[in-house]
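Observations on the three-dimensional arrangement
Each chain, letter by letter, is given below.
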Amino acid sequence: MTSRKRKRDETTSSTIPKTEEIISSESCLSQPSDQSVHEVITYKPSTLPAIHYDPDTTEPISCSLKSLDELLSWKRQEASLFNVATVPLASRYPPLHSCPRRTLVSHDMMGGYLKDRFIQGAEVETPYAFYHWEYIDIFNYFSHQMVTIPPAVWTNAAHKHGVLSIGTFITEWTDGAKTCEAFLADEESYRAAADKLVQISHCYGFDGWLINIENVLSESAVKNTGPFLRYLTDQMHERVPGSVVIWYDSVLKNGSLDWQNKLNDDNRMFFDACDGIFTNYNWTEQSLEWMKSYSAAQGRFADIYVGVDVFARGVVVGGKFETNKALKLIRKYEFSTAIFAPGWVYECHEKADFCQNQDKFWSLLSDYLYIHRPSSSLPFISSFCQGFGKSLYWRGQVEMKRSWFNLHAQEIQPLYLSENMDDGGWLRTRGCSEDAWIGGSSLMVEGMIPSGRSEVCARIFSLHVPLATRTFVSFVYKPPVGVKISLELKTIDGPLCTFDGMEEIAREWSFRCFLLKMIGCLLREVCIRVSRDGGDEDICFNCRIGEIMLLDAESLQAPLRSVEGICVNDVVWHKGDGHTQSKVLLNATLRWQYPTPQVRHFQIHWRRPRGPDPRIPPGPLTLIGRSYSTLYRVVELEVPAAPGLIELVVEPVSREGFRVPEAQWGRRTLSYSSSENPSL
């Protein structure tokens with residue numbers, strides 16, 4: 001059996017549905033750009049759908065569908081605008097279809113939809129986040145709700161690194177059996193369910209499904225399961241190019257529920273109908289050896305994802321910090337792997353040690369994983385933000401001093417390495433939230449140069465990125481004591497490019513900027529070289545890297561755009577709680593138009609506009625938050641008592657980190673009055 005082909009060349013980026021596609025084109029027509037929006041304050045319960053908005057604060061949230069009725073009644077026009085992924089799937093090398101042994105991560109954590117359900121982020125002291133994207137091919141968001149839709153924050157983070165994001169369709173127990181009898185009753189029924197799954201994936205911008213039927217099926221239902229899978233897979237490939245549908249090893253061809261822990265004659269009919277199988281976890285080396293010679297597996301080893309439960313439940317090989325033992329065997333027999341619940345490093349250990357334990361876990365697996373290289377064209381930019389932090393930074397300054405978590409903010413992640421050298425030296429890279437250039441964390445390069453060695457070199461990115469004829473390079477770091485730092489770019493079809501001793505700007509953070517003139521070069525590696533600054537004794541060092549940026553120099557001449565079409569919708573008024581009852585709290589959705597590939601994020605502000613008396617200047621701008629798309633929900637913003645007039649402001653921040661001139665920001669004034677006195 002040959003692999004079922006996806007209907008596009010996966011070296012190209014997939015198309016993400018634009019948020020505007022599911023925003024009514026009439027939503028802003030009633031708000032001419034030169035006029036103020038007026039609202040009469042009424043303290044009524046929110047009419048926003050509770051499935052998409054927190055009922056207390058109206059914050060946008062991600063959610064699942066819990067029943068077949070919810071699935072079949074799903075409508076695109078009722079979808080959550082905020083949960084639509086806005087980051088297209090980045091190119092990487094090698095592409096998925098060329099990877100002989102793939103790695104899938106199934107993220108199952110405490111029922112799912114925890115703090116990651118808050119689409120605009122949350123205040124969390126020690127959140128869980130995944131950032132070892134270079135090692136994996138597919139990210140599966142798992143829960144025990146029937147239709148698990150990945151939160152947009154996860155899909156955007158995965159796509160930024162070229163990783164597929166897939167949801168989960170699961171049925172279990174007696175209720176699951178009843179559900180299956182209904183949607184697998186006949187062709188019309190299973191096609192209706194499959195069509196909705198395809199529409200949901202296409203609408204929200206993720207890349208497929210894990211199908212997990214963990215209940216007994218009747219003879220008629222199991223007869224229709226193969227055709228359901230084949231129809232779903234074909235439709236997904238057509239509507240979402242590059243997508244995958246993967247079957248979990250559970251039900252057999254006779255309808256019984258009996259986990260096989262391998263591909264065999266009892267479950268191959270499901271494997272033949274889709275893109276792959278995720279085996280159960282209780283396999284042995286003998287079962288892997290048998291499967292390698294099994295006729296149905298020939299030519300499709302990469303489509304067999306051998307399951308590894310990191311919690312090590314039952315009789316399994318490896319698990320926990322010995323998961324590498326399982327991967328060693330899986331790779332020995334040339335299969336792909338599905339790593340289930342690697343959040344064990346967070347759930348079962350001290351939260352304060354999470355990053356250390358996660359880095360340890362993936363370092364132990366690294367010998368059996370494959371580094372994927374981003375291969376998109378320039379720009380290549382990373383400030384190493386992991387999507388959380390103790391403060392929010394902008395160009396080295398604290399912009400917001402509190403703990404936060406928002407995976408939309410995660411930037412392209414480096415290689416996190418830990419290396420011990422034969423001569424006693426060592427080298428490590430890790431994320432650090434104690435200080436940052438932009439976002440919530442920077443990259444710490446630390447180690448020890450032993451006596452007799454002059455330098456060490458840390459590879460922080462493996463890439464496959466074509467350089468422009470004129471490439472602008474920017475390097476931001478904090479100079480360490482006792483050693484010298486240089487940025488090293490390794491290219492194919494070009495010379496080794498090492499930069500050192502260039503002019504630095506004297507401030508806490510140092511900058512180095514270069515203009516490269518190269519023709520036909522492909523950037524392969526970005527390294528930090530650390531060399532001793534005199535002496536020959538053992539020398540320990542640590543260096544904080546704030547940002548690395550490579551741009552086509554021609555793009556620096558591109559004109560900056562203005563924010564257009566800003567409008568205000570879905571306004572909800574709240575009173576302050578307790579002793580703050582007199583406070584007026586505004587909740588509203590802002591939408592605008594701007595080419596998002598040109599920006600790193602948007603700053604959302606408010607202020608009192610200039611009053612009718614020209615001698616009274618406008619009030620100062622007050623930052624509300626950041627948006628990573630052309631949509632933002634203002635939540636519980638305290639505004640002056642009615643009657644009042646405020647201005648809501650959208651400021652684009654370019655991908656290069658430049659602030660756009662204020663004349664090109666978007667503005668919308670909002671006037672409001674109380675219901676008792678509706679006139680201003």
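The rules we used
Residues numbered from 1 in each chain as written. Predicted model: local features only at pLDDT ≥ 70, side-chain atom pairs only at ≥ 80, totals over all residues. Heavy atoms only, no water. Helix = DSSP H or I, 4+ residues; strand = E, 2+ residues; numbered from the N terminus. Rg over C-alpha atoms; globule rule 2.2 N^0.38 Å. Buried < 20%, exposed > 50% of the residue type's maximum accessible area, 1.4 Å probe, protein only. Contact = heavy atoms within 4.5 Å. Areas by Shrake-Rupley, 256 points an atom, 1.4 Å probe, with all protein chains shown as cover. Lys, Arg positive; Asp, Glu negative; His and termini not counted. Charge placed at Lys NZ, Arg CZ, Asp CG, Glu CD. Core = buried A, V, L, I, M, F, W, Y, C linked by side-chain atoms within 4.5 Å. Pairing = 2+ DSSP bridges. Axes fitted to C-alpha atoms, helices over the stretch in contact; angles between N-to-C directions. UniProt positions renumbered as here; feature names shortened; annotations may be inferred. pLDDT = per-residue confidence, 0-100. Parallel < 35°, antiparallel > 145°, perpendicular 65-115°, else oblique. Left-handed = near helix turned anticlockwise from the far one by under 90°. Nonpolar A, V, L, I, M, F, W, Y, C, P; charged D, E, K, R; others polar.

1. Things to note about the overall build of the protein
A count of helical and extended segments in the protein gives 10 helices and 35 strands. In terms of overall dimensions, the protein is globule-like: its C-alpha atoms have a radius of gyration of 27 Å, near the 26 Å expected for 680 residues. Overall size of the protein, expressed as C-alpha extent along the three principal axes, is 85 × 75 × 50 Å. Per-residue burial over the protein gives 58% buried out of 680 residues. Here the contacts in the protein between residues at least 6 apart in sequence split such that 78% fall between residues at least 24 apart. Per element, the accessible surface of the protein, about 27,800 Å² overall, is 50% carbon and sulfur. The protein carries 70 positive and 82 negative side-chain charges, and their two centres are separated by 2 Å.

2. Remarks on the nonpolar core
In this structure, Leu71, Phe169, Ile211, Phe228 and Trp362 are the most contacted members of the largest nonpolar core, which totals 112 residues. Ranked by residues supplied to this core, first place goes to helix H4 (residues 187–204) with 8 residues. Residues Leu443, Leu487, Leu516 and Ile545 belong to the second largest nonpolar core, which totals 40 residues.

3. Digging into the pairing of strand E35 (residues 666–674)
In the case of a regular strand, side chains alternate between the two sheet surfaces. Of the pairings in the sheet, the one linking strand E1 (residues 37–41) to E35 comprises 5 bridges and is parallel in character. Within the sheet, the bridge partner assigned to Val37 lies in E35 and is Leu670. Relative to E35, strand E34 (residues 644–654) runs antiparallel, the two being bridged by 7 bridges. By the bridge assignment for E35, Ile646 is matched with Leu670.

4. Topic: the sheet that holds strand E29 (residues 564–575)
Backbone hydrogen bonds hold the strands of a sheet together, and the pairing may be parallel or antiparallel. A sheet is described by the order of its strands in space; here 3 strands give the open sequence E29-E30-E33, paired in antiparallel fashion. In this open sheet, the two edge strands, each paired with only one partner strand, are E29 and strand E33 (631–639). Ignoring strand direction, the axes of neighbouring strands in this sheet form an average angle of 20 degrees. The sheet contact formed by strand E30 (residues 584–593) and E33 spans 7 bridges and is antiparallel. Bridge pairing links Leu585 to Glu638 in E33.

5. Overview of the UniProt feature "domain: Cytosolic endo-beta-N-acetylglucosaminidase TIM barrel" (unreviewed entry) in the protein
The UniProt record marks residues 113–391 with the feature "domain: Cytosolic endo-beta-N-acetylglucosaminidase TIM barrel" (unreviewed entry), using the residue numbering of this structure. In this annotation, residues 113–391 is assigned 35% helix and 18% strand; the end-to-end C-alpha distance for the span is 24 Å.

6. Quick notes on the confidence of the model for the protein
Overall, the prediction assigns the protein a mean pLDDT of 91, with 91% of residues at 70 or greater. With pLDDT under 50 throughout, residues 1–26 is counted as low confidence; its partners more than four residues away or in other chains account for 74 contacts.

7. Thoughts on the packing of helix H8 (residues 323–332) against helix H10 (residues 354–365)
Contact pair H8 / H10: the axes reach a minimum separation of 8 Å and the direction vectors enclose 25 degrees. The orientation of H8 with respect to H10, classified from their angle, is roughly parallel. Of the two possible hands of crossing, H8 and H10 adopt the one that is right-handed. Along its contact with H8, which presents Thr323, Asn324 and Leu327, the element H10 presents Phe361, Leu364 and Leu365. Taken together, the residues that form the contact of H8 with H10 break down as 4 nonpolar, 2 polar and no charged.

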